[in-house]
Number of protein chains: 2
Amino acid sequence: MREIVTILFDDFETLDVFGPIEILGRLKEYFDPQFYSLAGGTITSSHKVPIVTRPISELQESSYILFIPGGIGTRKLVKDEAFIQVLSTLAGKAEFILTVCTGSGLFAKTGLLSGKRATSNKKAFAWVRSLQQDVNWVQKARWTVDGNIYTSAGVSAGMDMTLQFVADILGYNVAKQQSIEIEYDWKETPSWDPFADLYE
Amino acid sequence: MREIVTILFDDFETLDVFGPIEILGRLKEYFDPQFYSLAGGTITSSHKVPIVTRPISELQESSYILFIPGGIGTRKLVKDEAFIQVLSTLAGKAEFILTVCTGSGLFAKTGLLSGKRATSNKKAFAWVRSLQQDVNWVQKARWTVDGNIYTSAGVSAGMDMTLQFVADILGYNVAKQQSIEIEYDWKETPSWDPFADLYE
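No experiment lies behind these values; they were computed from the predicted model shown.

Participant: What exactly am I supposed to notice about the overall build of chain A here?
Facilitator: Helix and strand counts for chain A come out as 7 helices and 10 strands. For 200 residues, the compact-globule formula gives about 16 Å, and the C-alpha radius of gyration of chain A, at 15 Å, lands near that figure. The principal-axis extent of the C-alpha atoms belonging to chain A is close to 40 × 35 × 35 Å. In chain A, which comprises 200 residues, the proportion classed as buried is 62%.

Participant: Can you help me understand the interface of chain B and chain A in this one?
Facilitator: Accessible area lost on assembly of the parts is the figure often given for the size of an interface. Contacts between the two partners involve 43 residues from chain B and, on the opposite side, 43 residues from chain A. Carbon and sulfur atoms make up 58% of the surface buried where chain B meets chain A, a total of about 3400 Å² over both sides. Among the residues chain B hides against chain A, the three largest losses belong to Glu22(B), His47(B) and Glu183(B). Together they make up 20% of the total. Linking chain B to chain A there are 8 salt bridges. For the pair chain B and chain A, the number of links is 28 residue pairs in polar contact (both at pLDDT 80 or more). Every element with two or more residues in the side of chain B that touches chain A is listed here: α1 (14-26), β2 (31-37), β4 (50-55) and α7 (172-181) of chain B. The biggest single contributor to the side of chain B that touches chain A is α1(B), with 8 residues.

Participant: What am I meant to see in helix α6 (residues 157-170) of chain A here?
Facilitator: Within an α-helix, residues lying three or four positions from one another point in the same direction, as the helix has 3.6 residues per turn. Residue and element names in this part refer to chain A. Taking 1.5 Å of rise per residue, the 14 residues of α6 would be expected to cover 20 Å, and the 20 Å separating its terminal C-alpha atoms lies within 8% of that figure. For α6, the tally of buried residues reaches 11 of 14 residues, placing the bulk of the element in the interior. Looking at the residues trailing α6, positive phi occurs at Gly171, about 105°.

Participant: Which parts of the structure should I look at to understand the relation of the copies chain B and chain A?
Facilitator: Once turned by 180° and shifted 0.0 Å along the axis, chain B lies on chain A with an RMSD of 0.0 Å. The operation mapping one copy onto its partner corresponds to a two-fold rotation axis. Scanning chain B for the C-alpha nearest the rotation axis identifies Ile51(B), at a separation of 2.4 Å.

Participant: What is the right way to read the side chain of Gln139(A) from this model?
Facilitator: All names here are of chain A. If you trace the backbone, Gln139 turns up in the loop between β8 (136-137) and β9 (143-146). With a relative accessible area of 16%, Gln139 lands in the buried category. Separated by 3.0 Å, the side chain of Gln139 and the backbone oxygen of Ala196 make a polar contact.

Participant: Help me understand the packing of aromatic side chains in this model?
Facilitator: Aromatic rings in a pair are described by how distant their centres are and how their planes are angled relative to each other. What the rule picks out here adds up to 21 aromatic pairs over all chains. Both rings, one in Trp192(A) and one in Phe195(A), keep their centres 6.0 Å apart while their planes meet at 75°; by these two values the pair is edge-to-face. By way of ring pairs, the aromatic residues Phe12(A), Phe18(A), Phe35(A), Phe12(B), Phe18(B) and Phe35(B) are connected into one cluster. Over the face of the ring belonging to Trp192(A) we find Lys187(A), whose NZ or CZ atom lies 4.4 Å from the ring centre.

Participant: Whenever I open this one, the packing of helix α1 (residues 14-26) of chain A against α1(B) confuses me. Can you help?
Facilitator: Their axes nearest at 9 Å, the elements α1(A) and α1(B) cross at an angle of 160°. What the angle tells us is that α1(A) and α1(B) run roughly antiparallel. Here α1(A) runs over α1(B); the crossing is left-handed. From α1(A), Thr14(A), Leu15(A), Phe18(A), Gly19(A) and Glu22(A) reach across to α1(B), where they touch Thr14(B), Leu15(B), Phe18(B), Gly19(B) and Glu22(B). Residues belonging to the contact of α1(A) with α1(B) are distributed by class as follows: 4 nonpolar, 4 polar and 2 charged.

Participant: In this structure, what is going on with the packing of α1(A) against α6(A)? I would like to understand it.
Facilitator: Two numbers describe a pair of packed helices, the interaxial angle and the distance between the axes. All names here are of chain A. For the pair α1 and α6, interaxial distance at closest approach is 8 Å and the crossing angle is 30°. One way to sum up the angle between α1 and α6 is to call them roughly parallel. For the pair α1 and α6, the sense of crossing is right-handed. The residues of α6 that touch α1, namely those facing Gly19, Pro20, Ile23 and Leu24, are Gly158, Met159, Thr162, Leu163, Phe165 and Val166. When its residues are assigned to classes, the contact of α1 with α6 shows 7 nonpolar, 3 polar and no charged.

Participant: Please explain the environment of Ile182(A) as it appears in this structure.
Facilitator: With respect to the element layout, Ile182(A) can be found in the segment after α7 (172-181). Between the C-alpha atoms of Ile182(A) and Trp127(A), which are 55 residues apart in sequence, the distance is 33 Å. Every residue in contact with Ile182(A), bar those within four places of it in the chain, is listed here: Glu22(A), Ile23(A), Arg26(A), Leu15(B), Gly154(B), Val155(B) and Ser156(B).

Participant: What's the story with the pattern of salt bridges in this structure? I'm lost.
Facilitator: One side chain can pair with another of opposite charge once the charged atoms of both are near each other. Considering all chains together, one arrives at 26 salt bridges over all chains under this definition. One salt bridge in this structure joins Arg54(A) and Glu58(A), with 3.2 Å as the shortest N-O distance. The class of Arg54(A) is partly exposed, set by a relative accessible area of 28%. The salt bridge involving Asp197(B) is made with Lys140(B); its shortest N-O contact spans 3.2 Å. Here the residue Asp197(B) occupies a position in the segment after α7, and Lys140(B) occupies one in the loop between β8 (136-137) and β9 (143-146), the gap between them amounting to 57 residues. Here the salt bridges do not stand alone but share partners, grouping Glu13(A), Lys123(A), Glu22(B), Arg26(B) and Glu181(B) into one network.

Participant: Would you mind going over the environment of Tyr36(B) with me for this structure?
Facilitator: Residues and elements named next belong to chain B. Here Tyr36 is to be found in strand β2. Judged by its relative accessible area of 1%, Tyr36 falls in the buried class. Along the chain, Tyr36 and Ala108 lie 72 residues apart, while their C-alpha atoms are 20 Å from each other. In this structure, Tyr36 is in contact with Glu3, Val5, Thr6, Ile7, Leu8, Thr53, Arg54, Pro55, Ile56, Glu58 and Leu59, ignoring residues within four places of it in sequence. Within the structure, the side chain of Tyr36 is placed 3.3 Å from the side chain of Arg54, a separation counted as a polar contact.

Calculation rules
Residues numbered from 1 in each chain as written. Chains lettered and ligands numbered in written order. Predicted model: local features only at pLDDT ≥ 70, side-chain atom pairs only at ≥ 80, totals over all residues. Heavy atoms only, no water. Helix = DSSP H or I, 4+ residues; strand = E, 2+ residues; numbered from the N terminus. Rg over C-alpha atoms; globule rule 2.2 N^0.38 Å. Buried < 20%, exposed > 50% of the residue type's maximum accessible area, 1.4 Å probe, protein only. Contact = heavy atoms within 4.5 Å. Buried area = accessible area lost by both parts, 1.4 Å probe. Salt bridge = Lys/Arg side-chain N within 4 Å of Asp/Glu carboxyl O. Polar contact = N/O pair within 3.5 Å; in protein donor to acceptor, adjacent residues only side chain to side chain. Expected span 1.5 Å × (residues − 1). Least-squares fit on C-alpha atoms with pLDDT ≥ 70 in both. Phe/Tyr/Trp six-rings, centres within 6.5 Å; stacked < 30°, edge-to-face > 60°. Lys NZ or Arg CZ within 6 Å of the ring centre and 35° of its normal. Axes fitted to C-alpha atoms, helices over the stretch in contact; angles between N-to-C directions. Parallel < 35°, antiparallel > 145°, perpendicular 65-115°, else oblique. Left-handed = near helix turned anticlockwise from the far one by under 90°. Nonpolar A, V, L, I, M, F, W, Y, C, P; charged D, E, K, R; others polar.

Have a look at this one:
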C-alpha cells in the first residue's frame, strides 16, 4: 500500500487533483489517497470546492508518492520560499513524484527538476519555463517520465499520465481496465498533444 | 448567475462530480458551484476525498441547476425513500437537472425520468435499468438530453455532457474554449460510445 501525499493550496485546479485521484483511489489495494496542506484545515479550489486537509506535520509515512497539482494558486506559491522548502523536503523522501499542469513549475522551483525532462500546461508554458530555465522543458508532450518523476500537461492530461504511472508499476492491463471502468478515452502515447500546437 | 446545487453522499464517485465542476466552475460569471448533503458536514467520496457540504435546508435559491453524481453510494440510496423525496422536491424547482453515471438511476427513482430518454454507466446499466423500467433507457450514448434533463454515461462522460450543456446555454465557442483550456479531447457527439459495446 502506497500513500498518495496530495499537496493542496488555495486556488488549486480542481480536475488536476481529482482526475488522478479517481484513478489511484479506485485501486484501493495499492494506493491510499491523503490530502495535506501546509497548515491543515479546509482548502478551497479555484472552482469553490472545499476539501478537508491534514497539516503536513502529520505526515508519518517514510515512503510515499508525492502528488503536486497546479492551478492559479501556484502563481503566488512559486515565490513562497517556505513552501518550496517544504516541497523539497517532501520530495527527498518520495518514492515517486507526480505533477499535473503548473504543478511542474512549482516543483521546478525546488531545483529537483533541473536537467530533467518535464512538461506543463500549454497555455502557461512560457511562464512555467521562465521559472526555472535549466529544466529540459518539453513543449509538445501529453506527459513525461524521467526516473521517478512524472509530469503532465494541463488539467485533464493528468489522467493520461496517471494511467501511464499505473501501467508502469502495476502493468498495462490494470491501467487499461481502469480507463474502461471510468469510460475514459486514454491517450496511451505522450506524443498525442494537439494543444501544444495552439500556443507555439 | 446560476447556482449549481451539487448533491453529495458518502461513497460518491470522485470524477463524476469534479469533471463537471471543473468546467462549470471555470465559468465564474455564469455558474456558482455549491455542495450540499442531506445533513451537511464532511462527505467522503469512495476514493477518500473529504468535502465540506452544507445541509440541504440551507438552500435559498428559487432557481438553480440540480447536479446528481453517481457512485457506489447510490446502491444504498435508491432504497432510501426520504432521500428520494428530497431529490424529487429539489428537482421540481430546478431549471436544469444534470446526472452523471449511476446518478441517473438515483434520479429515476423519483419517477421524474419516466418516459424520458436517459443513459447511465455502461458496466452498471442492467442494474440502473432495473430500478425504473418506464424510463427510455438509451444503452449506447455518451450522454442524452430530454427537455431540461441531461444524463451521462459513466464517470468521465460527465465532462462531455457538461460541455454540451455549456454549448446549449452559452454557445458552442464557449464550450470549445473551455475544452481547450483544460486540454480535454471533447467528444462532441453523443453517439461516440465505445464502452457501450463492451457490456452488451
